[in-house]
There are 2 protein chains.
Amino acid sequence: MDAAQEAQRREAFRHLVLNALERRLFFIPSFKIYRGVAGLYDYGPPGCAVKANVLAFWRQHFVLEENMLEVDCPCVTPEVVLKASGHVDKFTDLMVKDEKTGACYRADHLLKDYCKEKLEIDPKLTEEKATELRHVLAMLDDLSSEELGAKIKEYGITAPDTKNHLSDPYPFNLMFQTSIGPSGASTGYMRPETAQGIFVNFKDLYYYNGNKLPFAAAQIGQAFRNEISPRQGLLRVREFTLAEIEHFVDPDDKSHPKFAEVSKLEFLMFPREDQVSGRQAKRIVIGDAVSQGIVNNETLGYFIGRVYLFLTLLGIDKDRLRFRQHLANEMAHYAADCWDAEIECSYGWIECVGIADRSAYDLHAHTDKSGVELVAHEKYAEPKEVEKLVITPVKKDLGLAFKGNQKMVVEALLAMEEKEAMELKATLEEKLEAEFRVCTLDKVVTIKKNMVSISKEIKKEHQRTFTPSVIEPSFGIGRIIYCLYEHSFYTRASKDGDEQLNVFRFPPLVAPIKCTVFPLVQNQQYEEVARSIARSLTAVGISYKIDITGTSIGKRYARTDELGVPFAITVDSTTSVTVRERDSKQQIRVDVDKVASLMKEVTDGVSTWPDVLWKYPSHSS
Amino acid sequence: MDAAQEAQRREAFRHLVLNALERRLFFIPSFKIYRGVAGLYDYGPPGCAVKANVLAFWRQHFVLEENMLEVDCPCVTPEVVLKASGHVDKFTDLMVKDEKTGACYRADHLLKDYCKEKLEIDPKLTEEKATELRHVLAMLDDLSSEELGAKIKEYGITAPDTKNHLSDPYPFNLMFQTSIGPSGASTGYMRPETAQGIFVNFKDLYYYNGNKLPFAAAQIGQAFRNEISPRQGLLRVREFTLAEIEHFVDPDDKSHPKFAEVSKLEFLMFPREDQVSGRQAKRIVIGDAVSQGIVNNETLGYFIGRVYLFLTLLGIDKDRLRFRQHLANEMAHYAADCWDAEIECSYGWIECVGIADRSAYDLHAHTDKSGVELVAHEKYAEPKEVEKLVITPVKKDLGLAFKGNQKMVVEALLAMEEKEAMELKATLEEKLEAEFRVCTLDKVVTIKKNMVSISKEIKKEHQRTFTPSVIEPSFGIGRIIYCLYEHSFYTRASKDGDEQLNVFRFPPLVAPIKCTVFPLVQNQQYEEVARSIARSLTAVGISYKIDITGTSIGKRYARTDELGVPFAITVDSTTSVTVRERDSKQQIRVDVDKVASLMKEVTDGVSTWPDVLWKYPSHSS
């Protein structure tokens with residue numbers, strides 16, 4: 001199959017899936033009766049149940065299993081917090097405007113579309129030009145505003161809808177802005193991620209954890225990005241649910257006590273070097289990846305392994321899941337290492353979970369901005385002797401010399417790093433005075449030997465104080481769910497062969513409804529049995545759908561297969577019932593009074609279908 | 001105890017509770033290291049767990065039990081939706097500004113504070129004046145902007161902080177406003193309630209339910225109110241979690257098939273009449289309240305009963321819970337009836353759940369604004385003959401007479417109600433012409449007999465089309481949780497009697513952590529047993545806290561009592577352990593390999609503590 005055919009096949013498949021999802025209300029374009037809003041979607045009843053199941057499993061798999069400290073912070077966030085984190089200044093995309101209509105576009109999207117289209121459909125394209133366009137595509141994320149603007153001019157790219165000229169690219173901040181309180185004086189934003197709420201609480205959480213490292217905090221909640229022009233349907237939206245973990249660890253010891261539990265897992269990894277040299281992702285044992293230094297440390301490796309287990313247990317196809325390491329130019333300067341769990345779907349490989357070692361960046365940033373020290377301590381078994389720089393300004397002499405500026409000079413002296421201080425000391429000893437730059441005064445002053453004493457002293461320290469590193473697995477829940485839909489979807493012929501029927505092969509863990517209850521025919525006795533089974537299911541906490549319409553049993557199966565319901569209970573006698581499994585269509589007979597507990601067993605994962613298959617008599621319809 | 005002493009006692013109690021809650025991180029003032037933002041709070045780890053438990057139980061008790069259709073809609077909402085719902089025009093509080101500093105206050109709060117203070121502390125107050133102030137307090141919610149302004153002037157009320165003059169009151173909209181998309185042209189708001197997301201989806205949800213009524217949809221999510229100056233701590237906040245149910249029902253039949261299941265419940269109710277005539281709330285059987293017409297209909301009564309069960313099962317004290325009916329002046333004009341579940345806490349009686357019959361208001365409003373019919377149909381068993389008004393404009397003659405205005409005249413004719421149409425018909429028959437007002441032209445035109453035919457015809461109808469009524473139970477989750485904290489809190493003397501220890505008596509359902517695991521003394525064998533018990537607890541999904549510090553067992557109990565942990569497992573042998581219940585402090589001995597399943601039994605509610613007490617040998621410490 002060539003690339004164009006493959007693209008067509010993918011699009012046709014996506015169309016089938018989206019059609020089933022929208023018809024069965026897995027999702028609904030938000031505010032549809034008002035013609036909707038781009039990038040906003042509702043979860044309808046089955047979608048909402050899938051989401052609740054995914055989040056419950058996330059809590060079980062991460063929060064409960066690791067004793068994480070879960071918090072729940074508001075979405076409305078004051079400006080100072082997002083100033084400290086860098087979002088106010090840097091959380092932008094480059095935008096161009098149609099010069100006549102004012103319509104807005106993402107500059108990189110227009111350039112990307114232009115290059116792709118040229119490469120695909122222009123038969124007159126020279127090999128030289130093709131190489132250039134491919135180079136632009138590869139460099140897209142690295143282009144500056146000026147470079148993007150120059151390329152758009154050079155290629156004569158115009159507004160897609162009107163062919164009008166475009167403005168130069170300029171940064172547009174992706175946060176939804178609002179105002180907190182009635183005065184209008186206090187700017188706020190809807191948070192673009194949940195992580196900041198955890199960082200600002202570090203001090204309290206560390207205390208809650210008995211002042212011990214490592215520990216992890218977690219948060220599930222809404223995040224917001226005011227996308228310039230959302231594309232890719234359910235994958236690029238303006239409001240979404242994030243589940244984030246911030247694991248705080250001593251930067252000098254990133255080992256993980258439970259690493260052995262995942263170290264033997266093998267899965268597709270795509271290290272930086274293989275990407276650069278044009279190789280493919282390959283299967284690597286995570287233990288080897290850590291020991292060979294491909295993955296920076298054990299804690300990062302542990303989380304990669306746990307994410308792999310989480311996604312595959314949900315039903316993500318392990319052959320279409322890979323962990324891709326960020327290239328040097330993708331990664332923030334402070335990050336030690338970063339891996340994305342990417343899932344392949346009809347849109348290509350999609351980043352669904354980011355697992356980053358962010359070093360001490362975030363805690364440093366909030367310490368600087370708030371003045372509150374976000375640090376950890378390690379008590380030494382015995383006090384240690386350390387050499388410490390001691391700077392003692394002589395305030396009397398400084399006061400005489402600098403009067404009102406004395407305070408600024410003193411602060412500048414105390415702020416010196418070791419190297420600068422020792423150089424100043426040497427100059428003072430040699431020449432008795434030295435030139436010294438005071439940034440806050442924006443001038444150079446003369447310091448005399450009597451004004452400051454600088455020395456190194458041996459001091460006893462009882463503890464080490466340090467800023468913890470943070471390892472952050474961050475889950476885009478909506479993206480995971482969308483990929484899960486695609487990986488779970490298949491079609492099969494109807495019994496008479498004249499129709500293709502849709503099925504979602506959700507595992508019971510994820511399925512929006514665990515079973516259906518059908519009386520085989522409309523009759524009061526069967527209906528009563530069905531209702532009593534329904535009551536027992538509610539009592540054990542199993543969600544079900546009861547269908548007492550007279551529709552044919554085949555149609556009723558087809559309807560629930562399309563909702564991904566794993567088990568169907570057909571009431572065809574008053575003492576025992578038929579239980580059918582969705583994918584194999586195998587059927588067994590079970591006593592009426594045992595069926596609820598059987599459903600609990602197979603949906604809780606205590607037993608699998610093959611486990612129960614040999615325990616009960618089979619039934620052929 | 002007089003009123004002042006009682007107020008002091010309440011405040012002291014609240015102080016104790018808040019102190020425990022904040023110290024143990026049930027809540028944290030949001031963005032604390034930046035000095036916080038009024039009205040925003042985080043749930044810390046135990047608070048977050050309590051919230052997750054309350055929401056999980058809500059889903060079980062309402063959504064699963066009633067087969068409700070749960071949806072999940074975005075917080076960002078376009079203006080048109082909230083214009084239709086009335087929030088853009090009417091969701092306001094009256095505000096006054098300090099004329100010099102610009103500081104903002106809620107006008108009614110200032111007047112309320114003034115009246116209360118005068119009544120409490122002014123010894124020279126005449127009886128006449130006191131009566132007036134009490135009257136103002138009673139009427140507070142009914143005062144118009146002008147009346148509020150006049151009272152503030154009359155009493156000489158000034159800005160509390162500066163004593164400066166205040167502006168006249170003016171309405172301030174409580175929604176957080178933002179802009180959707182990059183152009184700035186599309187106004188959006190953070191939703192003030194979750195209900196609108198359900199109403200706009202009515203058509204799809206009705207279809208999903210097989211075009212059958214009644215059915216209920218539900219939503220849990222964040223809502224936002226930009227309060228002018230938040231007071232009352234955790235009770236009046238700017239962002240909060242709502243859980244809302246919209247139960248759609250035929251307005252001609254508001255019976256409920258499961259009403260018998262709650263009809264015998266008896267609890268404190270406070271009907272409108274008793275409030276007006278100054279009586280107290282009294283215990284009423286809900287079945288009687290419905291049959292005597294105190295509660296408008298069975299469905300409303302059913303939900304009142306279910307809400308009572310929900311709150312008391314969570315641990316709300318039934319003697320400090322009442323259902324108060326809205327007075328006529330509190331209720332929206334369209335509402336058929338409305339009851340608030342009010343819980344008494346140190347702030348007084350607090351509205352925590354509103355249960356309203358909103359009639360067809362919301363669906364009508366969105367039908368009008370969107371042009372999409374949000375209606376239901378009832379098929380008749382046999383077609384019915386009905387008399388129908390038929391208006392047939394004669395377009396040719398109207399066109400000749402009105403030319404460009406023809407369309408507006410035709411629309412106005414077709415829009416006539418039956419009474420107006422029959423009057424016009426009579427006039428035309430008598431006088432051959434009639435004056436007719438066309439609103440859209442803002443003028444009166446002359447209609448001649450030949451221009452329109454009006455008649456009544458017998459038509460066969462196969463179905464009835466109607467707008468469903470909606471009954472809305474709406475839960476303020478944060479308020480319920482805060483009241484639960486107060487109702488669960490008590491203190492008791494420490495063993496040596498020299499200290500008062502805090503305890504939260506949460507039922508296992510709500511408790512943030514279900515049990516703790518302590519080795520009695522620090523030793524490797526006990527620690528291993530503790531860790532193996534911890535693993536079994538994780539496997540059965542029970543949250544626990546392990547404490548291997550050498551702290552005395554009494555201190556460790558005290559710490560976990562203050563978190564409301566119901567059970568403590570003390571490892572004091574390698575084969576069996578001691579299990580202690582928090583409130584009774586009773587202890588039993590349980591085999592190591594049975595303790596996890598016992599914990600599951602007592603926390604899932606399969607058994608109670610008294611159930612297990614006689615099954616296991618007791619242990620005296």
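Residues numbered from 1 in each chain as written. Chains lettered and ligands numbered in written order. Predicted model: local features only at pLDDT ≥ 70, side-chain atom pairs only at ≥ 80, totals over all residues. Heavy atoms only, no water.

Chain A carries the name glycine--tRNA ligase in an unreviewed UniProt entry, which gives Salvia divinorum as its organism. UniProt's Sequence similarities (unreviewed entry) comment on chain A is quoted here verbatim: "Belongs to the class-II aminoacyl-tRNA synthetase family." Word for word, the UniProt comment on chain A under Catalytic activity (unreviewed entry) is "tRNA(Gly) + glycine + ATP = glycyl-tRNA(Gly) + AMP + diphosphate". (UniProt positions renumbered as here; feature names shortened; annotations may be inferred.)

## Points about the state of the cysteines
Covalent bonding between the sulfur atoms of two cysteines defines a disulfide. Evaluation of the coordinates by the stated rule reveals zero disulfides over all chains. As a non-bridged cysteine, cysteine 345 of chain A has cysteine 483 of chain A as the owner of its nearest cysteine sulfur, 4.3 Å distant. Summary of cysteine pairing: cysteine 48 of chain B is not part of a disulfide, and the nearest cysteine sulfur, belonging to cysteine 73 of chain A, is at 8.4 Å. (Disulfide = S-S within 2.5 Å.)

## With respect to the interface of chain A and chain B
Taken together, the 72 residues of chain A in the interface contact 72 residues of chain B. When the buried surface of chain A facing chain B is broken down by residue, Ile33, Tyr34 and Tyr208 of chain A rank first, second and third, together holding 13% of it. Here chain A and chain B share four salt bridges between them. Among the ionic pairs, aspartate 72 of chain A bridges to lysine 51 of chain B, the shortest N-O distance being 2.4 Å. Our enumeration of links across chain A and chain B arrives at 24 residue pairs in polar contact (both at pLDDT 80 or more). Here the side of chain A that touches chain B takes eight residues from helix 2 (residues 45-64) of chain A, the largest share from any one element. Classifying every residue of the side of chain A that touches chain B by side-chain character gives 41 nonpolar, 17 polar and 14 charged. (Contact = heavy atoms within 4.5 Å. Buried area = accessible area lost by both parts, 1.4 Å probe. Salt bridge = Lys/Arg side-chain N within 4 Å of Asp/Glu carboxyl O. Polar contact = N/O pair within 3.5 Å; in protein donor to acceptor, adjacent residues only side chain to side chain. Helix = DSSP H or I, 4+ residues; strand = E, 2+ residues; numbered from the N terminus. Nonpolar A, V, L, I, M, F, W, Y, C, P; charged D, E, K, R; others polar.)

## Side note on the pattern of salt bridges
Overall, the coordinates contain 102 salt bridges over all chains when judged by the stated rule. The salt bridge involving arginine 358 of chain A is made with aspartate 362 of chain A; its shortest N-O contact spans 2.7 Å. This pair shows no difference in class: arginine 358 of chain A is buried, exactly as aspartate 362 of chain A is. For arginine 559 of chain B, the salt bridge identified is with aspartate 547 of chain B, shortest N-O distance 3.2 Å. Here arginine 559 of chain B, found in helix 19 (residues 553-561), pairs with aspartate 547 of chain B, found in the loop between strand 25 (544-546) and helix 19; they are 12 residues apart in sequence, far enough to count as distant. (Buried < 20%, exposed > 50% of the residue type's maximum accessible area, 1.4 Å probe, protein only.)

## Some remarks on the UniProt feature "domain: Aminoacyl-transfer RNA synthetases class-II family profile" (unreviewed entry) in chain A
Taken from the UniProt record, the annotation "domain: Aminoacyl-transfer RNA synthetases class-II family profile" (unreviewed entry) applies to residues 15-508 of chain A. The distance from the first to the last C-alpha atom of residues 15-508 of chain A is 25 Å, and the span holds 34% helix and 30% strand.

## Comments concerning the side chain of aspartate 42 of chain B
Along the polypeptide, aspartate 42 of chain B turns up in strand 2 (residues 41-43). Here aspartate 42 of chain B sits buried without a salt bridge, and the closest side chain of opposite charge, arginine 191 of chain A, lies 7.4 Å off (N-O distance). At 2.8 Å, the side chain of aspartate 42 of chain B forms a polar contact with the side chain of asparagine 201 of chain A. Not counting the four nearest positions on each side in its chain, aspartate 42 of chain B is found in contact with Asp72, Cys73, Pro74 and Asn201 of chain A together with Phe26, Phe27, Ile28 and Ser30 of chain B. (Lys, Arg positive; Asp, Glu negative; His and termini not counted.)

## A few points about helix 19 of chain B
Along an α-helix, residues three or four apart share an orientation, since each turn contains 3.6 residues. Residues of helix 19 of chain B that are buried include every one of Arg556, Tyr557, Ala558, Thr560 and Asp561 of chain B, and no others. Looking at the packing, one finds that the buried side of helix 19 of chain B touches strand 22 (489-493), strand 23 (500-504), strand 24 (515-519), strand 26 (567-571), strand 27 (576-581) and strand 28 (587-591) of chain B.

## Topic: the sheet that holds strand 24 (residues 515-519) of chain A
All names here are of chain A. Overall, mixed pairing links the five strands, which are arranged 25-24-26-27-28 in an open sheet. The open sheet has two free edges, formed respectively by strand 25 (544-546) and strand 28 (587-591), since each of these has just one partner strand. Each strand of the sheet is rotated relative to its neighbour by a mean of 25°, with strand direction disregarded. Judged from the five bridges that link them, strand 27 (residues 576-581) and strand 28 form a sheet pairing that is antiparallel. By the bridge assignment for strand 28, valine 579 is matched with isoleucine 588. (Pairing = 2+ DSSP bridges. Axes fitted to C-alpha atoms, helices over the stretch in contact; angles between N-to-C directions.)

## With respect to the sheet that holds strand 8 (residues 177-179) of chain A
Residue and element names in this part refer to chain A. The antiparallel open sheet is built from three strands, whose spatial order is 4-9-8. Pairing within the sheet leaves two strands with one partner each, and these edge strands are strand 4 (76-78) and strand 8. When strand polarity is set aside, the average angle formed by the axes of neighbouring strands in this sheet is 40°. Here strand 4 runs beside strand 9 (residues 187-190); their pairing, made up of three bridges, is antiparallel. The residue of strand 9 that forms the bridge with valine 76 is methionine 190.

## Points about the relation of the copies chain A and chain B
When chain A is fitted onto chain B, the two copies agree to an RMSD of 0.1 Å after a turn of 180° and an axial shift of 0.0 Å. With respect to symmetry, the two chain copies, as superposed, fit the operation of a two-fold axis. Among all residues of chain A, the one whose C-alpha sits closest to the rotation axis is threonine 178 of chain A, at a distance of 2.6 Å. (Least-squares fit on C-alpha atoms with pLDDT ≥ 70 in both.)

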